[in-house]
Amino acid sequence: MNFILFIKVLIVLKNSFAISLVMKKNIHPNYHTIKVEMTDGTQFETKSTWGKEGEVLKLEIDPKSHAAWTGGKQKLMDKGRISKFNKRFQNFKSNSKN
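Draft legend 1. Fine view of the overall build of the protein. When helices and strands are counted, the protein shows 3 helices and 3 strands. The N-to-C order of helical and strand elements in the protein reads α-β-β-β-α-α. Of all intrachain contacts in the protein linking residues separated by at least 6 positions in sequence, the fraction that spans at least 24 positions is 7%. Counting every atom, the protein has about 9,300 Å² of accessible surface; 59% of that belongs to carbon and sulfur.

In structure tokens form, the structure reads like this:
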């Protein structure tokens, strides 16, 4: 019984233009298959609105080479922080072995 009531509410809403169940025509970008080439030369296919069907998107930066994903820059920063900490507190060394 609740399902029939739900359908009636949807019909009323559709007729009152409160919601539209159909997408507008000619306003959406073309969604098609492209190939993405990573910096190491490997490729994979994906769907995109970029370019035209079958084109190759060549990446200059990707997760295999960028420091944000590889952690290269962060490791250098950590080393700097540790040495800065040790330099700042070098005179506070304890003689006890607890």
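Here the narrative resumes.
Draft legend 2. Inspection of the packing of aromatic side chains at higher detail. What the rule picks out here adds up to 1 aromatic pair. Ring centres of Phe-85 and Phe-89 lie 4.9 Å apart, and the angle between their planes is 50 degrees; this geometry places the pair in the tilted category.

Draft legend 3. Expanded view of the sheet that holds strand E3 (residues 56-58). The 3 strands are arranged E2-E1-E3 in an open sheet whose pairing can be described as mixed. Two strands lie at the open edges of the sheet, namely strand E2 (43-48) and E3, each paired on one side alone. Strand-to-strand, the axes of this sheet are offset by a mean angle of 35 degrees, without reference to chain direction. Of the strand pairs in this sheet, strand E1 (residues 32-37) and E2 are connected by 6 bridges, and their pairing is antiparallel. From the neighbouring strand, Thr-33 faces E2, where its bridge partner is Lys-47.

Draft legend 4. Focus on the pattern of salt bridges. Considering all chains together, one arrives at 1 salt bridge under this definition. The closest approach of N and O atoms between Asp-40 and Lys-64, which form a salt bridge, is 3.2 Å. Taken together, the residues Asp-40 in the loop between E1 and E2 and Lys-64 in the loop between E3 and helix H2 (67-70) connect sequence positions 24 residues apart. Its relative accessible area of 48% is what places Asp-40 among the partly exposed residues.

Draft legend 5. Examining the pairing of E1 more closely. Here E1 hands over to E2 after 5 residues, with Gly-41 in that stretch at a positive phi of 100 degrees. Pairing between E1 and E3: 3 bridges, direction parallel. The residue bridging Val-36 from the neighbouring strand is Leu-57, located in E3.

What counts and how
Residues numbered from 1 in each chain as written. Predicted model: local features only at pLDDT ≥ 70, side-chain atom pairs only at ≥ 80, totals over all residues. Heavy atoms only, no water. Helix = DSSP H or I, 4+ residues; strand = E, 2+ residues; numbered from the N terminus. Contact = heavy atoms within 4.5 Å. Areas by Shrake-Rupley, 256 points an atom, 1.4 Å probe, with all protein chains shown as cover. Phe/Tyr/Trp six-rings, centres within 6.5 Å; stacked < 30°, edge-to-face > 60°. Pairing = 2+ DSSP bridges. Axes fitted to C-alpha atoms, helices over the stretch in contact; angles between N-to-C directions. Salt bridge = Lys/Arg side-chain N within 4 Å of Asp/Glu carboxyl O. Buried < 20%, exposed > 50% of the residue type's maximum accessible area, 1.4 Å probe, protein only.

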